[in-house]
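Coordinate analysis (summary)
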There are 2 protein chains.
Amino acid sequence: MRFITIEPGIFMQKFQPLIDYINRIVSLTEEEEKLLVSHISYRKLRKGQYFLQQGDICKFSGFIVSGCTKTFYVDDEGQEHVIMFAVEDWWTSDMGSYIAQKPADYNVQCLENTELIQFSYEEQDLIMREIPKLERFFRIIVEKAFVASQKRIVRNFSMSAKDRYLYFSSQYPQMEQRIPQYMIASYLGITKEFLSKIKRQLLLDQ
Amino acid sequence: MRFITIEPGIFMQKFQPLIDYINRIVSLTEEEEKLLVSHISYRKLRKGQYFLQQGDICKFSGFIVSGCTKTFYVDDEGQEHVIMFAVEDWWTSDMGSYIAQKPADYNVQCLENTELIQFSYEEQDLIMREIPKLERFFRIIVEKAFVASQKRIVRNFSMSAKDRYLYFSSQYPQMEQRIPQYMIASYLGITKEFLSKIKRQLLLDQ
DNA sequence: AAAATATGTTAAACTAGATTAACATTTATT
DNA sequence: AATAAATGTTAATCTAGTTTAACATATTTT
């Protein structure tokens, strides 16, 4: 394993998933990897803990090493709306709050014990200035996130609830196993009762 | 006016709206501005013309100087779904097609005679490498676009059609004047008949 | 000015999905 | 093993928004 030859010990090891992820998009030198590591931190959260609470300022952006989070919004009537889930190799934060350093609209809560690598807003800004390749990296991943978000808007308008569910379960089969059905219903923008009905209908169909 | 003192003639002038827009986020030196200008082009399109057609590869990303475009998707049943509008100082393209250089999912059509400044995919990549400040600029504007997109998803799930319309008309009063109502209905994800009903109801209310 | 095209309205019948409420099953806690 | 808490199901009733179809009004084009 590469980290052993660079620098023994567990130091590099725990950041390796992020480094691998970044190197798939831009390639960092060993010096850059070390500099990066000096600006990030590792964090373990238990099931149920909040990475971010609505109203707080989002200080960190997190890259998930293991576990699962849900991002949700509680409206004036107290209704929860799930905005997204994140699993291994995904990013989580309230980007709007993070980039403007204003109170968050969303909560980020762990659905499982979760380990993540986090950037603080200041450190991320610093490191992007120190390593322009990382500025490039973040531009590229935000572009991808934006494209995915636009596609989701289109799906929400052009597909029925049943088709959105089928799309979700084919795209993210791992998530379907790990996440309670009522949260998936909320993510799809429907009630848990209606998702239950859809699933029964699909079972009867074949 | 500044462009006259740098270099007389209309050369800088027509790119000035973009330069001003960029300088609000990062500040370019005069050399950088000149380098930028050498990589972009100006284009006039007439009402009805397409900036991009579904299935083509999106070669350009456009910054609108004057006019208005709609981005829309035609589904298998031939139904049009408006994804977004863009007016002065907004960007338009099919980002998914542009970044991957794959066939576009969407059409971009001019609703008015439109003048825009365009970047080709290759030139934009080049210029971001030449001027890291522009890499930063694009990261920042895509972050903002992503935040706006996420907020739209939340609004679509948590607000009624009437409230989405009220939000749209308060946020973009200029657009409401310029854009036919049936296209606004499509953008809001409802039928033109239902938007008509909502507007009548709002009139009766006061 | 007339005809054609694009845009907007109204109303009746319909449907996808919400609401309510009772019950069933699984998982965690004591 | 028993109880509590979380998750999932079913069915009846309801409603926000769709569909269809006919008509009305602007705006272009000839």
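Worth saying up front: this structure is predicted, and the values here are computed from it rather than measured. (Residues numbered from 1 in each chain as written. Chains lettered and ligands numbered in written order. Predicted model: local features only at pLDDT ≥ 70, side-chain atom pairs only at ≥ 80, totals over all residues. Heavy atoms only, no water.)

Digging into the protein's contact with DNA strand C
- Lining the immediate surroundings of DNA strand C are 14 residues, of which Thr191 of chain A together with Gln181, Tyr182, Glu193 and Ser196 of chain B lie closest.
- Protein-adjacent atoms of DNA strand C, using a 4 Å cutoff, are sugar or phosphate at a proportion of 77%.
- With respect to DNA strand C, the side chain of Gln181 of chain B contributes an N or O atom lying 2.7 Å from a phosphate oxygen.
- Of all the elements in the fold, those that place two or more residues in the surface near DNA strand C are α8 (161-171) and α11 (192-205) of chain A together with α9 (181-188) and α10 (192-205) of chain B. (Near = heavy atom within 4 Å. Polar contact = N/O pair within 3.5 Å; in protein donor to acceptor, adjacent residues only side chain to side chain. Helix = DSSP H or I, 4+ residues; strand = E, 2+ residues; numbered from the N terminus.)

Some remarks on the relation of the copies chain A and chain B
- Each copy superposes on the other: chain A lies on chain B with an RMSD of 0.0 Å after a rotation of 180° and an axial shift of 0.0 Å. Within this description, the copies of the chain are treated as partners about a two-fold rotation axis.
- Interface overlap between copies: 100% of the residues of chain A at the interface are likewise at the interface in chain B, consistent with a symmetric, same-surface contact. (Least-squares fit on C-alpha atoms with pLDDT ≥ 70 in both. Contact = heavy atoms within 4.5 Å.)

Quick notes on the packing of aromatic side chains
Residues and elements named next belong to chain B.
- According to the stated counting rule, one finds 34 aromatic pairs over all chains in the structure shown.
- Each ring, one from Tyr50 and one from Phe72, has its centre 6.4 Å from the other, and the planes form 50°; the classification is tilted. Of the two residues, Tyr50 sits in strand β2 (residues 50-52) while Phe72 sits in strand β4 (residues 69-74), which places them 22 residues apart along the sequence.
- Residue Tyr50 is classed as partly exposed on the basis of its relative accessible area, which comes to 33%. (Phe/Tyr/Trp six-rings, centres within 6.5 Å; stacked < 30°, edge-to-face > 60°. Buried < 20%, exposed > 50% of the residue type's maximum accessible area, 1.4 Å probe, protein only.)

Details of the domain arrangement of chain A
Residues and elements named next belong to chain A.
- Segmenting chain A into domains produces domain 1 (1-135) and domain 2 (146-206).
- The straight-line distance from the C-alpha centre of domain 1 to that of domain 2 is 26 Å.
- Counting residues at the interface gives 14 residues for domain 1 and 11 residues for domain 2.
- For the pair domain 1 and domain 2, the summed buried surface comes to about 970 Å²; carbon and sulfur atoms form 63% of the total.
- Among the residues domain 1 hides against domain 2, the three largest losses belong to Val82, Phe85 and Val87. Together they make up 48% of the total.
- At the surface where domain 1 touches domain 2, the tally comes to two salt bridges.
- With a shortest N-O distance of 3.0 Å, Arg178 and Glu88 are connected by a salt bridge.
- Taken together, the connections running from domain 1 to domain 2 amount to six residue pairs in polar contact (both at pLDDT 80 or more).
- It is strand β5 (residues 80-86) that provides the largest number of residues to the side of domain 1 that touches domain 2, a total of six residues. (Domains from an automatic or database assignment. Buried area = accessible area lost by both parts, 1.4 Å probe. Salt bridge = Lys/Arg side-chain N within 4 Å of Asp/Glu carboxyl O.)

What to know about the protein's contact with DNA strand D
- Inspection of the region around DNA strand D gives 14 residues, with Gln181, Tyr182, Glu193 and Ser196 of chain A together with Thr191 of chain B positioned closest.
- Among the atoms of DNA strand D lying within 4 Å of the protein, the sugar-phosphate backbone contributes 77%.
- Contact between DNA strand D and Gln181 of chain A: a phosphate oxygen at 2.6 Å from a side-chain N or O atom of the residue.
- Side-chain polar atom of Tyr182 of chain A to a phosphate oxygen of DNA strand D: 2.3 Å apart, as the coordinates give it.
- Among the secondary structure elements, those contributing two or more residues to the surface near DNA strand D are α10 (181-188) and α11 of chain A together with α7 (161-171) and α10 of chain B.
- Take the surface near DNA strand D: its biggest share by element is three residues, from α11 of chain A.
- Residues belonging to the surface near DNA strand D are distributed by class as follows: five nonpolar, five polar and four charged. (Nonpolar A, V, L, I, M, F, W, Y, C, P; charged D, E, K, R; others polar.)

Points about the interface of chain A and chain B
- Counting residues at the interface gives 34 residues for chain A, matched by 34 residues for chain B.
- Carbon and sulfur atoms make up 67% of the area that chain A and chain B hide from each other, which totals about 3,400 Å².
- Where chain A packs against chain B, one counts eight salt bridges.
- For Arg139 of chain A, the salt bridge is made with Glu135 of chain B, and the minimal N-O distance between the two is 2.3 Å.
- Counting the contacts that link chain A with chain B gives seven residue pairs in polar contact (both at pLDDT 80 or more).
- Elements with a minimum of two residues in the side of chain A that touches chain B: β5, α5 (95-100), α6 (121-130), α7 (132-158) and α10 of chain A.
- Among the residues making up the side of chain A that touches chain B, the classes are represented as 16 nonpolar, seven polar and 11 charged.

With respect to the sheet that holds β4 of chain B
Residue and element names in this part refer to chain B.
- What the four strands build is an open sheet, ordered β2-β7-β4-β5; its pairing is antiparallel. Only two strands of the sheet have a single partner each, and these edge strands are β2 and β5 (80-86). Averaged over all pairs of adjacent strands, the angle between their axes in this sheet comes to 30°, without regard to strand direction.
- Strand direction decides the pairing type here: β2 and strand β7 (residues 107-110), joined by two bridges, are antiparallel. Each bridged residue has a counterpart across the sheet, and for Leu52 the counterpart in β7 is Val108. (Pairing = 2+ DSSP bridges. Axes fitted to C-alpha atoms, helices over the stretch in contact; angles between N-to-C directions.)

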